[in-house]
Amino acid sequence: MNSELKPVMEGIFDAGASPRLIGAICSKCNQKFFPKPMVCPHCLGEVEDVKLSPEGKLYTYAVLRTKAPYGLPQPYAVGWVDLEDDGLRIFSLLDPEKISELDFGKQVTLRVGAIGVDNNGQPCLRYYFTTKKKGCD
Ligand SMILES: [Zn+2]
């Protein structure tokens, strides 16, 4: 990975060999969120950063074949991923190299890589989920 690239947004993920999304957990009601809200939308309690599960199941997805924004590859795919153990369904970019492997309920794993550009048109790191290889956990 190119370590000179900045994340598309600060504070939403840890890059590196084992990337993790940084969400939040409410100190009162223990609900988790991604991205991090200013306060808990359920009870207005304070929220703290929490690293979320890098594993999940693809709930649903869409492949977009129109002109891609932010320098994303064409076509690209987005979807909703149910994170393992976190009780969270999050919206995410999906691996543009694995579009043909996408399927409902598929096991997916978090990755961070150089995809597209940021708001200033600079190449950047983005998080995305990729399909798991069979027989390889
Ligand atoms: Zn709460």
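Everything below is about the structure printed above this text.
Residues numbered from 1 in each chain as written. Predicted model: local features only at pLDDT ≥ 70, side-chain atom pairs only at ≥ 80, totals over all residues.

Visitor: What is the right way to look at the overall build of the protein chain in this model?
Guide: Along the protein chain, the regular secondary structure elements total zero helices and ten strands. Counting from the amino terminus, the protein chain carries its helices and strands in the arrangement β-β-β-β-β-β-β-β-β-β. The C-alpha atoms of the protein chain give a radius of gyration of 15 Å, which matches the 14 Å a tight globule of 137 residues would have. Dimensions along the principal axes, computed over C-alpha positions, put the protein chain at roughly 45 × 35 × 30 Å. Contacts in the protein chain between residues far apart in sequence, at least 24 positions, make up 47% of those at least 6 positions apart. (Helix = DSSP H or I, 4+ residues; strand = E, 2+ residues; numbered from the N terminus. Rg over C-alpha atoms; globule rule 2.2 N^0.38 Å. Contact = placed C-beta atoms within 7 Å.)

Visitor: What am I meant to see in the pairing of strand β3 (residues 20-26) here?
Guide: The side chains of a regular strand alternate, first on one face of the sheet and then on the other. For β3, the buried fraction is high: five of the seven residues fall into the buried class. Inspection of the sheet shows strand β2 (residues 13-14) paired to β3 by two bridges, in the antiparallel sense. Each residue of the ladder has a partner; that of D14, found in β3, is R20. Here β2 folds back onto β3, and the loop between the two strands holds five residues, one of which, G16, carries a positive phi near 110°. Bridging between β3 and strand β5 (residues 47-51) involves five bridges; their strand directions are antiparallel. Within β5, the residue paired with C26 across the bridge is V47. (Buried ≥ 20, exposed ≤ 12 C-beta atoms within 10 Å, placed from the backbone. Pairing = 2+ DSSP bridges.)

Visitor: Help me understand the nonpolar core, please; the structure alone is not making it clear to me.
Guide: Grouped burial of nonpolar side chains is what soluble globular proteins tend to show. With 22 residues, the main nonpolar core has L21, V81, L94, Y127, Y128 and F129 as its most contacted residues. Of all the secondary-structure elements, those providing two or more residues to this core are β7 (76-83), β8 (89-94), β9 (107-117) and β10 (123-131). Excluding residues within four positions of it along the chain, Y128 makes contact with S92, L93, L94, D95, R111, G113 and I115. (Core = buried A, V, L, I, M, F, W, Y, C linked by C-beta atoms within 7 Å.)

Visitor: Any chance you could explain the environment of S18 here in plain terms?
Guide: Structurally, S18 is set in the loop between β2 and β3. A tally of 10 C-beta atoms within 10 Å means that S18 is categorised as exposed. Separated by 94 residues in sequence, S18 and V112 have C-alpha atoms that sit 8.9 Å apart.

Visitor: What is the right way to look at unusual backbone geometry in this model?
Guide: Keep in mind that most residues, glycine aside, have a negative phi and that most peptide bonds are trans. Cis geometry is found at the peptide bond from F34 to P35, where omega equals -5°. The topology assignment puts P35 in the loop between β4 (32-33) and β5. The peptide bond linking Q74 to P75 adopts the cis configuration, its omega dihedral lying at 0°. Assignment of secondary structure puts P75 in the loop between β6 (55-64) and β7. Of note in this structure, N30 is not a glycine but carries a positive phi near 65°. Following the sequence through the fold, N30 ends up in the loop between β3 and β4.

Visitor: I tried to follow the environment of P73 on my own but got confused; where do I start?
Guide: Tracing the backbone through its elements, the reader meets P73 in the loop between β6 and β7. Not counting residues within four places of it along the chain, the set of residues in contact with P73 comprises A68 and P96.

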